[in-house]
Amino acid sequence: MILRMSVLGWLCFAVTVTALAVTGCRTTAEQISFGPYVTHPGHTSMAVRWTSDALADGVVSFTAEGEQTREVTAHIDMLRYPDDPDTRGMSLAGLRPDEIGTAFLYAAHLDELTPGTDYRYTIEFGGRTVEGGFRTMADQPEPFRFIAFGDSHAQDVVADQFAQHEPAFLINLGDTVRHENYHEFQDYFSPTVNQMTRWYPMAAVRGNHEQRGVLFSRLFGLDPDRIYYSFEYGDALFVQLDSSVWRWPNAEENTARMLEWAEQVLSESDANWKIVSFHEPPYDMSYRRSRWGRYHAMEVFRRTGVDLVLNGHAHAYQRYAPLYRKGENEDHPILLINSSGASEIYSTAPRRADPYLVAGAEGNHYVVIDIDGDTLTGRTLRRDGDLIDEFEIRKEGGKPVAEYVEQALPEEPLDRLDRALFRQYMDMPGGVIEEGEEFEVAIGFTAETMSIRYDFRPAADSAHAVELVEPARGEVPAGSEKTVVVRLRARREIRDRGGRGMTAPRVWLDCHYEVNGVEGVISSTRVWSRRPDED
């Protein structure tokens, strides 16, 4: 790992002399509202950004050891936004002038930098001075470290741990804020976050809470029509995708365009490591059971030799066994990691997915990843520094070593079982199932190239609520479909919670399975209630 003691020294100095200049909340004239923060990591360029309620000249001077100090005047862009809490979701066209706030976005682009070099910069703004620094991306292989984290929701609680690891950069996995609102970005860029992001470049992806992404794009200097990009560090390629395209108009067209771009970037790169980040994960054993990219992006990743996929959204930590599709990437499986514990909004423990879900945890966390030649190692840490998980990928000749490949599991069974176990229903006339009453849950299976042997049982944490009336086991042959009816008896009264489909107590099922020699257990999502008049 490259030591950057000089940068740590600058950081400690800056904490002392600039605490009054960087506040992370609304400020008076000629003060920085939030920032500076470093974006657009590159070999020979970086961008330094900040915002202010004041319009003033902003000059950034920067230098590295052995280089002359240079200066850049920041570009200024005006931002108008709904200012009152009651109007923050409204269009500006419907607001009075006194309900509209104005801020100024400052961006200084530092060019003609030396790759793999530590730089120090100083902002002169409104009579105040703010210092920071960064390391440009190396263009030759060298050991480096980065940190991945996500789902801050405007209240990041792990950023104060980042400096001790001295990362080359940060990857933000989305949901920086709760809503697409300027004030929430002010909340996110707290004094703690500012101290990190002005020293370590942050490569962010759009989450669903960044909503349309217009403000997100402006703050991070991205094209709002294509919020995806890539960068390289040494022998590693990083591709940052936008999993929120499906939520907005022209979803199919924009997704296809993005994946065509991603395939070109990934296939043309000869980087030893290929790492892709986006918000909504292909696999997720939390309450959401997200599956973005499973049927289109993962296909691209398999073809182009992606090693690691980083996601957020799940509000739980999850690391899956390396996955492959038969006939596609048996010798180069893909490791998927969900990291979304940067806030205290809510957190959930992932359900069972044995043996696919290798590690899972709830609570605040972040992932520290080191790349040193042919070895990638990762540690997932809690806010207090306790270790949740650690993992390693080693390569020889550009391919994962045999010991790693032997850990891989076929993706198809996980996909088929996860789909079958998503959103089952129990009929609930009158909104209640009485104690002792029997009811049915129908589960539809589709087997592709592998037969699925199944045995359904109530999950352990639902055994107090329901019991099996009769065994629910059998087999779905390859290439066929089947509907399995699981007959249950209520061991206590089960009620619909206000007509929303959720029940009290909650009911979960476990599927004990065997597919192509792989045996395990996968939990369903909660079984939802359904009134007879509902579709």
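Before reading on, note that the structure itself is shown above.
Conventions and cut-offs
Residues numbered from 1 in each chain as written. Predicted model: local features only at pLDDT ≥ 70, side-chain atom pairs only at ≥ 80, totals over all residues. Heavy atoms only, no water. Helix = DSSP H or I, 4+ residues; strand = E, 2+ residues; numbered from the N terminus. Buried < 20%, exposed > 50% of the residue type's maximum accessible area, 1.4 Å probe, protein only. Salt bridge = Lys/Arg side-chain N within 4 Å of Asp/Glu carboxyl O. Core = buried A, V, L, I, M, F, W, Y, C linked by side-chain atoms within 4.5 Å. Contact = heavy atoms within 4.5 Å. Axes fitted to C-alpha atoms, helices over the stretch in contact; angles between N-to-C directions. Parallel < 35°, antiparallel > 145°, perpendicular 65-115°, else oblique. Left-handed = near helix turned anticlockwise from the far one by under 90°. Nonpolar A, V, L, I, M, F, W, Y, C, P; charged D, E, K, R; others polar.

1. Comments concerning unusual backbone geometry
Inference 1: Look at the link from Gly35 to Pro36: it is a cis peptide, with omega at 0°.
Inference 2: Within the secondary structure, Pro36 is located in strand β1 (residues 32-39).
Inference 3: Geometrically, the link from Ala504 to Pro505 is a cis peptide bond, its omega value of -5° lying close to zero.
Inference 4: As for its placement among the helices and strands, Pro505 is situated in the loop between β34 (503-504) and β35 (509-515).
Inference 5: Look at Ala154: it is not a glycine, yet its phi comes out positive at around 70°.
Inference 6: Tracing the sequence through the fold places Ala154 in the loop between β9 (144-149) and β10 (169-172).
Inference 7: One non-glycine residue with positive phi stands out, namely Glu166, at about 50°.
Inference 8: Classification of Glu166 as buried rests on a relative accessible area of 9%.

2. With respect to the pattern of salt bridges
Inference 1: In total, this model carries 42 salt bridges according to the counting rule given.
Inference 2: For Glu280, the salt bridge is made with Arg247, and the minimal N-O distance between the two is 3.0 Å. Residue Glu280 is found in the loop between β14 (273-277) and α6 (297-304), and its partner Arg247 is found in the loop between β13 (236-240) and α5 (251-268); the two are separated by 33 residues along the sequence.
Inference 3: Taking relative accessible area as the criterion, Glu280 reaches 4% and is therefore assigned buried.
Inference 4: Shared partners join several salt bridges into a network, and the residues in it are Arg289, Arg294, Arg302, Arg325, Glu328, Glu411, Asp415, Arg416, Asp418 and Glu448.

3. Considering the nonpolar core
Inference 1: Counting residues in hydrophobic clusters, the biggest one holds 88 residues, and the most contacted among them are Phe146, Phe169, Phe220 and Phe238.
Inference 2: When residues in this core are grouped by element, the largest group, six residues, is from strand β6 (residues 100-110).
Inference 3: The contacts of Phe146, once residues within four sequence positions are left out, are Pro167, Phe169, Ile171, Phe238, Ile275, Leu310, Val367, Val368, Ile369 and Ile371.
Inference 4: Of all hydrophobic cores here, the second largest spans 65 residues; its members include Leu241, Leu266, Val300 and Met426.

4. Remarks on the packing of α5 against α6
Inference 1: Closest axis-to-axis distance for the α5/α6 pair is 9 Å, and the angle between their directions is 15°. Considered as vectors, α5 and α6 are oriented roughly parallel to each other. For the element pair α5 and α6, the recorded crossing hand is right-handed. Taken together, the residues of α6 that come into contact with α5 (itself represented by Leu259, Glu263, Leu266 and Ser267) are Ala297, Val300, Phe301, Arg303 and Thr304.
Inference 2: Grouping the constituent residues of the contact of α5 with α6 by class yields five nonpolar, two polar and two charged.

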